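Listed here are the chains, written in short residue letters.
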Amino acid sequence: MARFPQDPTQPSVALDRMELSYASANAEIYVKGPNGAPIDKPVTVILLRTGGQLYAKDVTKAGFVKFERVPYSEFTAQIIEPGYQPVTKQFEVDGPGAVTVTLNLEPLEAEAAAASVGFYALSPKVQKDAAKALEALRANKPNGALNHLQAAQRGAPNSAEIEYLFGVYASQVNDPVGAKSHWMKTLQLNPNHLSALLAVGQDFLHENKAAEALTYLKRATDTSPTAWRAHALLAEALVLQHEDAAAVKESRRAQELGHEQAGVVQPVLARALADTGEREEAMRVLEGYVQTHPADTAASKDLEILKNPNMKIAPAEAGEMSALTKEAASLPLSANWLPPDVDESVPPVVAGKSCDLDDVVSKAGKRITELISDVDRYAATETLTHESIDKNGIASAPEKRKFNYVASIQEVRHGFLNVEEYRSTTAGGPAEFPGGVATNGLPALVLIFHPYNASDFAMTCEGLARLSDGLAWQIHFRQRPDKPNVIKRYRIGADGPSYPVALKGRAWISADTFQILRLEADLVAPVKEIRLLEDRADIEYGPVHFAKGNVNMWLPKRADVYYDWRGRRIHRRHSFGDYMLFAVDDKQKISAPKVDEAPSDTSPGETPKQKP
């Protein structure tokens, strides 16, 4: 039987051994293997309260464990078992009797097993010591971190996360040799540790070993394709290797992903542009950078050289370049788990280029209309990576799932759009999202620019942006208060009430094809009625070849979703591939996979069925 700590909100126990009396029920946890196979080995099941506090833990016998007298509340059942994907499921104890929860364990591949050993794989005591060490290192007080790091390492001697923090400690006490040694050991424990890859790459840049740095920095971009710091440092290494065209592309990619944070990459971009003959563009980039970084004398000197057509910037030197991108050397230790608000800053655009807003929005809407009129539905393989974020901003070990995915966007009658999504597991079973909260509605966000919906938003053309794949018009949008919110809503339970959500955001629309290349969406304001504090999405689109008319349709290829809802802070990454498109006039239609309705909360991003 599980043991429980005393609930401080309840009356204390009297000396006559009177038992506590409060509303409670039993939680019965079943643990199964792939396809429902039995798990004979003992498995530790942890119960967490909302916010991540430990409530109780116990070990299964023959795949079953019962927690008795669990108070009415929301809980998360969690298993982190070596050799298996971490799994969590949120549930609510809200009535007498017993609540039944089933957790399915999926085995990890060897590489994924190494990458999954994060803070959440550590014991609660080690997590506590690591959190205190993090707090001291964030404040740049390494002496206050040492004892906690040593205690954490005693409890987890083979933790890549603790080893990485020892490297940060060594760096802060000016021991670069020790720091690099710790980071190299981190990579032995976890070859895909992003922060260690960036730190080692930066060390090689300081040592003027750009070729060696490239090895680690390319691994970093492969490990995390959306980490702007990885692309920024890779751009620097490429400039030092005189691979300037590739450096321009990586620099622009860093700016796309990091926005204002990635401003430190601009001197690198300017050098790469100058070396490829784009001297005027390099001058424009440096002028903007020097205005916001007047203390950077090296950049000011380069700008003066560029203004003189008879002078040429000297070849880049490793020490000089690394100083400019030092900020990109490693992931920040801050607890900020969210990307910047879309209104925090305006991403840079080409000076002097303005657009006809109505023309751009009209042509983008035409592309969306063509997709709906030509494509009945589309199928894809979807890979989901799920992370829970604790109160310190630390992500849980990633939980990965793969689905067969089908989406349909149809105009059921004039003025009414219907969006449907279906998922099943690749083995054919029902699709289950971590915690029972599904992410739906990603295909619907582009409908902001459909002719039926565009007038519901106030839009502004911010200018012409340079993306890594070409030029795009940068459009800001915001839900008009006098128009209905029809793009996104939250539903509580399968048949419960739904709450429309007002959105703001930014889209990048190709200057050549008027396809939407990227879209970011954010809340106009929190929705207090359902405790929705944050909901952000960042979606990238790519071409999918469609045989009808020999054209390319642009569909989501990657989406990052962040939300803080009812006390749960979540980051999810969705990747889509293996697309199949089905024309409206195809005689043979694909059927939707069978999907069981989730018994708990339905998704952030639920899509409305029609436009009122």
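Please refer to the structure higher up on the page.
Every chain is numbered on its own, with residues counted from 1 as its sequence reads. Totals for whole chains, interfaces and linings use every residue, but because this is a predicted model, local features are given only for residues with pLDDT of at least 70 and side-chain atom pairs only at 80 or more, for both listing and counting. The side-chain figures draw on all heavy atoms in the structure; neither hydrogens nor water molecules are used.

**Details of the packing of aromatic side chains**
Just so we agree on the cut-off: Paired rings are identified among Phe, Tyr and Trp, the last through its six-membered ring, by centres lying within 6.5 Å, and are further divided according to the angle between planes into stacked (under 30 degrees), edge-to-face (over 60) and tilted (the rest). Each helix is a run of DSSP H or I of at least 4 residues and each strand a run of E of at least 2, with the numbering of both proceeding from the N terminus. Two conditions define a charge sitting above a ring: the NZ of Lys or the CZ of Arg must be within 6 Å of the ring centre, and it must be within 35 degrees of the ring normal.
Following the criterion strictly, the structure yields twelve aromatic pairs and no others. Judged by centre distance (5.9 Å) and plane angle (85°), the rings of F457 and F477 are edge-to-face. Here F477 lies in strand β12 (residues 470–479) and F457 lies in strand β11 (residues 457–467), a separation of 20 residues in the sequence. Through a chain of ring-to-ring contacts, the aromatic side chains of Y55, F75 and F91 assemble into a single cluster. The ring of F204 carries K180 above its face, with NZ or CZ at 3.7 Å from the centroid. Cation over ring: R566 sits above W565, and NZ or CZ is 5.9 Å from the ring centre.

**What about the packing of helix α2 (residues 124–138) against helix α3 (residues 143–155)?**
For the record, the criterion: The axes used here are C-alpha line fits, helices contributing only the stretch in contact, and every angle between their N-to-C directions lies in the interval 0 to 180 degrees. Each angle is binned into one of four classes, with values under 35 degrees roughly parallel, values over 145 roughly antiparallel, values of 65 to 115 roughly perpendicular, and all other values oblique. Each crossing gets its hand from how the near helix is turned against the far one by less than a right angle, where anticlockwise is left-handed and clockwise is right-handed. Here a residue-residue contact requires only that any non-hydrogen atoms of the pair lie within 4.5 Å.
Across the interface, α2 lies against α3 with an axial gap of 8 Å and an inter-helix angle of 155°. Considered as vectors, α2 and α3 are oriented roughly antiparallel to each other. For the pair α2 and α3, the crossing hand works out as left-handed. Residue-level inspection shows V126, D129, A130, K132, A133, A136 and L137 of α2 in contact with α3, the latter providing G144, A145, H148, L149, A151, A152 and G155.

**Digging into the pattern of salt bridges**
So the rule is basically this: For this document, the term salt bridge refers to a Lys or Arg side-chain nitrogen within 4 Å of an Asp or Glu carboxyl oxygen. Only protein chains enter the accessibility calculation, which uses a 1.4 Å probe; a residue is then buried when its area is under 20% of its type maximum, exposed when over 50%, and partly exposed in between.
Here the structure, examined in full by the defined rule, presents 34 salt bridges. Residue E74 is joined to R566 by a salt bridge in which the shortest nitrogen-to-oxygen separation is 3.1 Å. Of the two residues, E74 sits in strand β5 (residues 73–79) while R566 sits in the loop between β18 (551–565) and β19 (568–583), which places them 492 residues apart along the sequence. In this structure E74 comes out as buried when scored by relative accessible area, which is 13%. A relative accessible area of 15% places R566 in the buried class. As a salt-bridge pair, E382 and R423 come within 2.6 Å of each other at their nearest N and O atoms. In this pair, E382 is assigned in strand β8 (residues 375–388) and R423 in strand β10 (residues 416–425), connecting sequence segments 41 residues apart. With relative accessibility at 0%, the residue E382 sits in the buried group. A cluster of three or more residues bridged by salt bridges with shared partners is formed by R253, E256, R518, E520, D538, E540, R558, D560 and R573.

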